[in-house]
Amino acid sequence: MGEITNVMEYEAIAKEKLPKMVFDYYASGAEDQWTLQENRNAFSRILFRPRILIDVSKIDMNTTVLGFKISMPIMIAPTAMQKMAHPEGEYATARAASAAGTIMTLSSWSTSSVEEVASTGPGIRFFQLYVYKDRNVVAQLVRRAERAGFKAIALTVDTPRLGRREADIKNRFTLPPFLTLKNFQGLDLGKMDEDVKWLQTITKLPILVKGVLTAEDARIAVQAGAAGIIVSNHGARQLDYVPATIMALEEVVKATQGRIPVFLDGGVRRGTDVFKALALGASGIFIGRPVVYSLAAEGEKGVRRVLEMLREEFELAMALSGCRSLKEITRDHIVTEWDASLPRPVPRL
């Protein structure tokens, strides 16, 4: 099958390698999977307006997230149960993220504990959290994450209940017997503002609110004291027929009025996707499924390769658009389908 040349190619390899139940768990979206398709398709409704008469011999992709320096605005989203994909699971992902100089978010439904992930060596890591009925459990998880050197909490707020993923129902999905969820208890519907405020009473770690798609919720997150927002539809696994995250991004960015950074996950497979998200106001993006697919295919090496390919593609998109640093990426570097209705100001010579 020759050399892997893009992120998408790992999906077919993962499908071949993994048991059907496992691949379907990673791959599927809710119900009709309309949003799953749309997360990808929506990127193709954004085109570039490249600026060419610019010296792009030096490109700087460095950025900071919550004050932490990283090598590029491409980070790893929390994905559950990575040892189903590869025996090294979250260990391999942590090492790959660290090698790439970027942030890994560990799922609270991980098959490796916060302590185990910390033991892989240095790295900037965030811990994803659901709010459980038992706040005692949450407090214990947060303490453990803090002690293990995790730097932030990504609080997932779009999961009062799990979405309907029909492949999992058909396959009667269960965690393979030799694996355990290393940090786990039953879910509970919380109110975002109360949960964020309560979390702030038990931890000094900054809190990213993950799963926001509207201006209204963006304002609530800002008022509750969130350190940032992740525009996410949970990989299209919760409510079907919500918009693609790239379509919801600008509304959320405008609502935050620059008070806190906004990130995006969902459907990012190309460096051009990263550029488009930044042009629409995101401070960075997170990748989910490409991590588990590449992990299944080639373990740590696969995850490293995905991060490298996205980095190289993003750097090329910047160069060909005439952007030498992230701050040079502006809304004027893209045109979207929904711009067509607005007359563009013609610059006077």
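Residues numbered from 1 in each chain as written. Predicted model: local features only at pLDDT ≥ 70, side-chain atom pairs only at ≥ 80, totals over all residues. Heavy atoms only, no water.

### Some words on the overall build of the protein chain
- Of regular secondary structure, the protein chain possesses twelve helices and twelve strands.
- Relative to the globule expectation of 20 Å for 349 residues, the C-alpha radius of gyration of the protein chain, 19 Å, shows essentially globular dimensions.
- Taken over the C-alpha atoms alone, the protein chain extends approximately 65 × 50 × 40 Å along its principal axes.
- Within the protein chain, the proportion of its 349 residues that are buried is 56%.
- For the protein chain, the share of sequence-separated contacts (at least 6 apart) that also reach a separation of at least 24 residues comes to 74%.
- Just so you have it, the protein chain exposes about 15800 Å², and 54% of that area is on carbon and sulfur atoms.
- Positive and negative side-chain charges in the protein chain, numbering 45 and 40 respectively, have mean positions lying 3 Å apart. (Helix = DSSP H or I, 4+ residues; strand = E, 2+ residues; numbered from the N terminus. Rg over C-alpha atoms; globule rule 2.2 N^0.38 Å. Buried < 20%, exposed > 50% of the residue type's maximum accessible area, 1.4 Å probe, protein only. Contact = heavy atoms within 4.5 Å. Areas by Shrake-Rupley, 256 points an atom, 1.4 Å probe, with all protein chains shown as cover. Lys, Arg positive; Asp, Glu negative; His and termini not counted. Charge placed at Lys NZ, Arg CZ, Asp CG, Glu CD.)

### Examining the UniProt feature "binding site: glyoxylate" (unreviewed entry) in the protein chain
- UniProt records the feature "binding site: glyoxylate" (unreviewed entry) for Y25, R165, H234 and R237 in the present numbering. Spatially, the listed residues are clustered: although they cover 213 residues, their C-alpha atoms lie within 13.3 Å of one another. Lining the largest cavity, from the set of annotated residues above, are Y25, R165, H234 and R237.
- By secondary structure assignment, the location of R165 is in the loop between β7 (152-156) and α7 (166-171).
- Those residues within four positions of R165 in sequence are excluded, and the remaining contacts are Y25, S28, G29, A30, H234, R237 and Q238.
- For H234, the position within the fold is in the loop between β9 (228-231) and α10 (245-256).
- By relative accessible area, H234 is classed as buried at 12%.
- Excluding anything up to four places from it in sequence, H234 contacts Y130, T156, D158, T159 and R165. (UniProt positions renumbered as here; feature names shortened; annotations may be inferred. 1 Å grid on protein atoms, 1.4 Å probe; cavity = no way out; pocket = protein on both sides within 12 Å on 5 of 7 lines; lining within 4 Å.)

### Digging into the pattern of salt bridges
- Applying the stated rule across the entire model yields 18 salt bridges.
- R143 is the salt-bridge partner of E146, the closest N and O atoms lying 3.3 Å from each other. Of the two residues, E146 and R143 both sit in helix α6 (residues 135-147), three residues apart, roughly one turn of that helix.
- Here R143 falls in the partly exposed class, since its relative accessible area comes to 34%.
- The partner of E308 in a salt bridge is R305, and the shortest N-O contact between them spans 3.6 Å. Within this pair, E308 and its partner R305 are both found in helix α12 (residues 289-321), separated by three residues, close to a single helical turn.
- Looking at R305, the relative accessible area reads 22%, which means it is partly exposed. (Salt bridge = Lys/Arg side-chain N within 4 Å of Asp/Glu carboxyl O.)

### Remarks on the packing of helix α1 (residues 9-17) against α12
- Orientation of α1 relative to α12, taken along the N-to-C sense of each, is 170°, at an axis distance of 10 Å. Between α1 and α12, the crossing angle belongs to the class labelled roughly antiparallel. Contact with α1, carried on its side by Y10, E11, I13, A14 and K17, involves Y293, S294, A296, A297, E298, G302, R305, V306 and M309 of α12 and no other residues of that element. (Axes fitted to C-alpha atoms, helices over the stretch in contact; angles between N-to-C directions. Parallel < 35°, antiparallel > 145°, perpendicular 65-115°, else oblique.)

### Details of the nonpolar core
- Ranked by size, the top nonpolar core spans 106 residues in total, and within it L199, I246 and F314 carry the most contacts.
- With 14 residues, α12 is the largest single contributor of residues to this core.
- Sequence-distant contacts of I246, that is, excluding residues within four places in its chain, are made with A42, F43, I46, L264, K276, A277 and L280.
- Among the nonpolar cores identified, the runner-up in size contains twelve residues, and I70, I103, I230 and F286 belong to it. (Core = buried A, V, L, I, M, F, W, Y, C linked by side-chain atoms within 4.5 Å.)

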